[in-house]
Amino acid sequence: MTGIRKYCIALIFIGLGAFAFAQNEDHQGDQQAVEQTHQPANAETGAEAKSHNDTSSDACGHPIVEKEGEFNAGETAVHHIADANTIHVVGDIYIPLPCILYAPSQGWTITASSAFHPHHHGNGNVAKDGYVLVHGIVQRVQDPSFPKGDVPVSEPTHDTKTVNGKEKDVYYVMAEGKCYELDKKTTFDGGLMGGGVTSFYDYSITRNVFTMLLTCLLLFFVFRSAANAATRTHGHAPKGLQNFVEPFYTFIRDDVARPAIGPKYEKYMPYLLSAFFFILGLNLIGQVPFFPGSANVTGNISVTIVLAMLTFILMLASTKKHFWEHTLWMPGVPAALKILILTPVEILGLFLKPFTLLLRLFANITAGHIVILCFVGLIFIFGKAGTSVGGSIAGAAAAIPLSLFMMTLELLVAFLQAFIFVMLSATYIGMALEEPHGDHH
C-alpha cells in the first residue's frame, strides 16, 4: 500500500507540473498567433492561398481530415471501432483486403482495397470503377456518368443534408474539377439506424470478417491439438494445452448446461461450447492493440444479432406443447386476464430474449473499447493534437495508468460476457424443454 500511495502522489505532481508547463507553452503559442495575425495580407504564399480556396468550397462539403491543433475524440473513437475494408497497421501502412462489390447498374467489381491507394485516416486518392475509400470504408459515386477505371480523386469531404425529414451525413469527392456525391453501402435496416438500400452492395472480406475467420482458424488448431493430446495420453492426467482447455469444457457442462437444460443437455453442448469459445476468442483478440487484433467484432451489432438469432432459433426448435401452452394460453387463469395482460406480456417476453442477448454483448464490448480510446485521446486533447508537448506529457501521465486499468478490466469482461451469453442461452433452451409437473395437471 505504501508503494501505491507513493506512486499516486508522484503521478499527481507529474501531472500538475506538466499541466503548468503546458499552460506556459500555450501562452507562448497564443503570443505567436497574435504576431502572425498582424502580418501583411500579401505574406500568404500562392500555394497556401490555393489550398485555402480549395478547402473553403461549400459546394463540395467540408474537409474530414483534422487540421493541426484539432482533435475530435468522439469521431476518432467511432472510426476506430467501426468495421473497415482495410487493416490499419501504423501510419500510412495498410494491409489490403479483398473487395467484392456489386451495383445493379454496372455489375460486379472484384479488387483489393490497395487499389484505392489508402493513406491518412484510411482515405483513398484513387477511385476504382466509381468506388472510393472513405475512412477505410468503400463508398460509391452516385453519378452514373463518373468515368470507369482508375480515376484520381481529392480528399473526401462531408456535409449534412436532410433526406426524408432526417439529417444525413453525406460524403463527396472532387474528380476532374467536378464534385461528386457518394453512397454508403446497402444495409437492410429500413433506415432505422441511418442505412437502407442504396446503389451498391458490399460483400467484401472486411476487417471484422477477417478477424472472425482468423479466430475460427486459431480455435481449430487449439482444439485439434487438444484432441490429439487427449488421444495420446488416454488414461493419464492431461498436460499442456489439453490441461488448459478441459476446465472450460467441464465448467460449461457441469455449471451451465446440466443445471439449466437438464438430462437432455448433451445434444446442446456443441452449440454452447462453440458460442462460448467463439465469443471469447473474438473478445480476446480484440484486446490486441495491433495486427491481427484491434477489431471490434463482438461490439458490432450485426454479429451479436446473428449470435442471438441462432440461440432464438434453437430455442424455438426445442419447444414442446407445454411451453406454448404456458406462453399463449395459461391453464387455470381467467380468459379476460390472459387476453388483456398475460398472453401479450409472454409473447413480448419471448422476443425480448434474443434482444437482451445481442444488446448486452454489443453494449459491454463497445463501451469498453470507447472508454480505452477516450483515455488514450487525453494525450491528444491535453497536447492539442501535437502542438503542446507539455500537455501531451500531462495527458500521457493520466492516460497510461487509466488505460492499463481499463484493459485489465476488459480482460475480465471478455470472459464474463462469453459466459453470460452461454448461460442465458442455456437457460432459454431449458425453459423451452421444461416438462409439465404433476401438480399442475
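Calculation criteria
Residues numbered from 1 in each chain as written. Predicted model: local features only at pLDDT ≥ 70, side-chain atom pairs only at ≥ 80, totals over all residues. Heavy atoms only, no water. Buried < 20%, exposed > 50% of the residue type's maximum accessible area, 1.4 Å probe, protein only. Helix = DSSP H or I, 4+ residues; strand = E, 2+ residues; numbered from the N terminus. Arc of directions from axis to C-beta. Expected span 1.5 Å × (residues − 1). Polar contact = N/O pair within 3.5 Å; in protein donor to acceptor, adjacent residues only side chain to side chain. Contact = heavy atoms within 4.5 Å. Axes fitted to C-alpha atoms, helices over the stretch in contact; angles between N-to-C directions. Left-handed = near helix turned anticlockwise from the far one by under 90°. Nonpolar A, V, L, I, M, F, W, Y, C, P; charged D, E, K, R; others polar. Core = buried A, V, L, I, M, F, W, Y, C linked by side-chain atoms within 4.5 Å. Patch = residues over 30% accessible without salt bridge, like charges linked within 9 Å, V, L, I, M, F, W, Y side chains within 5 Å. Areas by Shrake-Rupley, 256 points an atom, 1.4 Å probe, with all protein chains shown as cover. Salt bridge = Lys/Arg side-chain N within 4 Å of Asp/Glu carboxyl O. Pairing = 2+ DSSP bridges.

Taken together, the buried positions of helix 8 (residues 321-328) are His322, Phe323 and Thr327. Mapping the buried residues of helix 8 onto a view down its axis gives an arc of 130°, with all of them on the same face.

Right, let's talk about helix 6 (residues 269-285) for a bit. Between its first and last C-alpha, helix 6 extends 24 Å over 17 residues, near the 24 Å set by a 1.5 Å rise per residue. Within helix 6, 14 of the 17 residues are buried, leaving the element largely enclosed by the surrounding structure.

So, on to the side chain of histidine 119. Inspection of the secondary structure puts histidine 119 in the loop between strand 5 (107-112) and strand 6 (126-128). Here asparagine 123 takes part through its backbone oxygen, which lies 2.7 Å from a polar atom of the side chain of histidine 119. Reaching out from histidine 119, the side chain makes a polar contact with the side chain of glutamate 155 at a distance of 2.4 Å. Once residues lying within four places of it in the same chain are set aside, the contact partners of histidine 119 are Asp92, Tyr94, Gly124, Asn125 and Glu155.

Here we take up the packing of helix 7 (residues 301-317) against helix 9 (residues 335-382). Axis separation between helix 7 and helix 9 bottoms out at 8 Å; the angle between their running directions is 145°. Along this stretch, helix 7 crosses helix 9, giving a crossing that reads as right-handed. Seen from helix 7, the contacting residues are Ile301, Thr304, Ile305, Leu307, Ala308, Thr311, Phe312 and Met315; seen from helix 9, they are Leu350, Phe351, Lys353, Pro354, Leu357, Leu358, Leu361 and Phe362. The class makeup of the residues in the contact of helix 7 with helix 9 is 13 nonpolar, two polar and one charged.

The next subject is the nonpolar core. Counting residues in hydrophobic clusters, the biggest one holds 42 residues, and the most contacted among them are Ile252, Ile261, Leu272, Phe276, Leu307, Phe421 and Val422. Mapped onto this core, the elements with two or more residues apiece are helix 5 (240-261), helix 6, helix 7, helix 9 and helix 10 (389-433). Beyond its immediate sequence surroundings of up to four residues, leucine 307 is in contact with Tyr271, Phe278, Ile279, Leu361 and Phe421. Counting 13 residues, the second-largest nonpolar core is a separate cluster that includes Val134, Val141, Val151 and Leu182.

Attention now moves to a nonpolar patch on the surface. On the surface, Trp324, Leu328, Trp329, Leu337, Ile339, Leu340, Ile341, Val345, Ile347 and Phe351 cluster together to form a nonpolar patch covering roughly 970 Å² of accessible area. Contributions of two or more residues to the nonpolar patch are made by helix 8 and helix 9. Checked against the element boundaries, leucine 328 lands in helix 8.

Let us look at the pairing of strand 4 (residues 98-103). Burial along strand 4 is one-sided: Cys99, Leu101 and Ala103 are buried, and none of Pro98, Ile100 and Tyr102, which face the opposite way, are. Relative to strand 5, strand 4 is paired through six bridges, and the arrangement is antiparallel. Paired with proline 98 across the strands is alanine 112, a residue of strand 5. Counting the residues that bridge the hairpin from strand 4 to strand 5 gives three residues.

So, about the environment of proline 259. In this fold, proline 259 is placed in helix 5. Residues proline 259 and threonine 427, 168 residues apart in the sequence, show an inter-C-alpha distance of 8.8 Å. Not counting chain neighbours up to four residues away, the residues in contact with proline 259 comprise Arg253 and Asp254.

The sheet built from three strands is open, its strands ordered 5-4-13 with antiparallel pairing. Each end of this open sheet is capped by a strand with a single partner; those strands are strand 5 and strand 13 (201-202).

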